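Coordinate inspection notes
What follows is each chain in one-letter form.
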Amino acid sequence: MTELMDTVFLFDVDNTLLDNDRIQSDLGKHLAENYGAEVRDRFGVIFEQLRAELGYADYLGALERYRLEAMHDPKVLRIANWLVDYPFQERLYPNAIEVVKTAKQAGVTAILSDGDAVFQPRKIEKSGLWPVFGDNVLIYVHKELELADVESHFPARHYVLIDDKLRILDAVKRVWRDRVTTVFPRQGHYAADQRILSEFPPADITIDQIGELLEYDLAALVKR
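Residues numbered from 1 in each chain as written. Predicted model: local features only at pLDDT ≥ 70, side-chain atom pairs only at ≥ 80, totals over all residues. Heavy atoms only, no water.

Under the defined criterion, the tally for this structure stands at 8 aromatic pairs. Seen in terms of ring centroids, Tyr159 and Trp176 are 4.1 Å apart; in terms of plane orientation they differ by 10 degrees. Their pairing is stacked. Here Tyr159 is found in strand β4 (residues 156-162), whereas its partner Trp176 is found in helix α9 (residues 166-176), with 17 residues between them in sequence. Accessibility classification places Tyr159 together with Trp176 in one group, the buried group. (Phe/Tyr/Trp six-rings, centres within 6.5 Å; stacked < 30°, edge-to-face > 60°. Helix = DSSP H or I, 4+ residues; strand = E, 2+ residues; numbered from the N terminus. Buried < 20%, exposed > 50% of the residue type's maximum accessible area, 1.4 Å probe, protein only.)

What follows is the structure, given as structure tokens:
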């Protein structure tokens, strides 16, 4: 896109539109029931280590690392099948799709996510989000560092960023300043972390659930 748009709504995915904590919990239960608590716990440690390194949840990357430790256990290979076949559409937050469709009436909508190049696109596709956004999907490693590229794809006078991480909202606000309205849905473990909540300034708008945006005049958000 090269034409300057009035407003672009940028939606995060994990714990913003999709309950990623629930997916992680379901994976833990699956591992414990089918492979044992030791496998579940070890995978969990590797998963969190990799998340700390990368800044996003990398399920397949964690599985690859675990596989190196369990190379001689062929049963481990079936974990990947469970992951890619997971019913992601069942983990959309209530009214998430309706919020996106309503935002479309006030501007252009796009996904702005962090993640790997395989599992994250799969998750977005299988959840049913990809077609709702009309192929407007951006996935980076550290999206807050890629704002120039975001602007090249979606040049706009104003942006509305909806994300469950105050760190991301604050980083984007520091760059775009008055050109962005930040919206913080308090969903997921990051949004409940008191240390994080005290470390960063509040967003322009804070809501408890993504569906609450249906109560807002989304076109008026740019006038704040």
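Throughout the structure, instances matching the rule amount to 1 cavity of 30 Å³ or more. Considering the residues around the largest cavity, the lining is formed by 17 residues, among which Asp14, Gly55, Tyr56, Ala57 and Lys165 are closest to the centre. For the lining of the largest cavity, the elements supplying multiple residues, two or more each, are β2 (108-114), α9 and α10 (188-191). The class makeup of the residues in the lining of the largest cavity is 4 nonpolar, 5 polar and 8 charged. (1 Å grid on protein atoms, 1.4 Å probe; cavity = no way out; pocket = protein on both sides within 12 Å on 5 of 7 lines; lining within 4 Å. Points joined across faces, edges and corners; volume = space filled by probe spheres on them. Nonpolar A, V, L, I, M, F, W, Y, C, P; charged D, E, K, R; others polar.)

This part is about the layout of surface pockets. Once rolled over the atoms, a probe with the size of a water molecule shows which space is left empty. Of the volumes computed, that of the largest pocket is approximately 260 Å³. Elements with a minimum of two residues in the lining of the largest pocket: α2 (37-54), α9 and α11 (194-199). Here the lining of the largest pocket gets 3 residues from one element, more than from any other, and that element is α11. In the lining of the largest pocket, the residues fall into 5 nonpolar, 2 polar and 8 charged.

The next subject is unusual backbone geometry. Positive phi, close to 70 degrees, is recorded for Asn95, a residue that is not glycine. Examined against the element boundaries, Asn95 turns out to sit in the loop between α4 (78-84) and α5 (96-104). In this structure, Asp135 is a non-glycine residue whose phi angle is positive, near 75 degrees. By the element assignment, Asp135 lies in the loop between α7 (129-132) and β3 (137-140). The exposure class of Asp135 is exposed, given its relative accessible area of 55%.

A few words now on the pattern of salt bridges. Close approach of charged atoms lets side chains of opposite charge pair. Applying the stated criterion across every chain, the model contains 18 salt bridges. Ionic pairing is found between Arg157 and Asp6, a salt bridge with its closest N-O pair at 2.6 Å. Here Arg157, found in strand β4, pairs with Asp6, found in strand β1 (residues 5-11); they are 151 residues apart in sequence, far enough to count as distant. A single network of salt bridges, built from pairs that share partners, joins Asp12, Lys143, Asp163, Asp164 and Lys165. (Salt bridge = Lys/Arg side-chain N within 4 Å of Asp/Glu carboxyl O.)

Looking at the secondary structure, you find Thr7 in strand β1. Contacts of Thr7, omitting those with residues within four sequence positions, involve Ala106, Gly107, Val108, His158, Val160 and Val222. (Contact = heavy atoms within 4.5 Å.)

Burial runs high along β4: 6 of the 7 residues are buried. Looking at chain direction, β1 and β4 are connected through 6 bridges and run parallel. Within β4, the position partnered with Phe9 by the bridge is Val160. Pairing analysis gives 4 bridges linking β4 to strand β5 (residues 180-185), with the strands arranged parallel. Bridging across to β5, Ile162 finds its partner in Val183. Taken together, β4, α9 and β5 form a β-α-β motif whose crossover is right-handed. (Pairing = 2+ DSSP bridges. Right-handed = clockwise from strand over helix to strand, strands pointing away.)

Quick look at the sheet that holds β3 now. A sheet is described by the order of its strands in space; here 6 strands give the open sequence β3-β2-β1-β4-β5-β6, paired in parallel fashion. Looking at the sheet topology across the chains shown, the edges are occupied by β3 and β6 (205-207). Strand-to-strand twist of the sheet, defined as the mean angle between neighbouring strand axes without regard to direction, takes the value 20 degrees. When β5 meets β6, the two strands line up parallel, connected through 3 bridges. (Axes fitted to C-alpha atoms, helices over the stretch in contact; angles between N-to-C directions.)

Treat this as a map of the structure, not an account of what it does.
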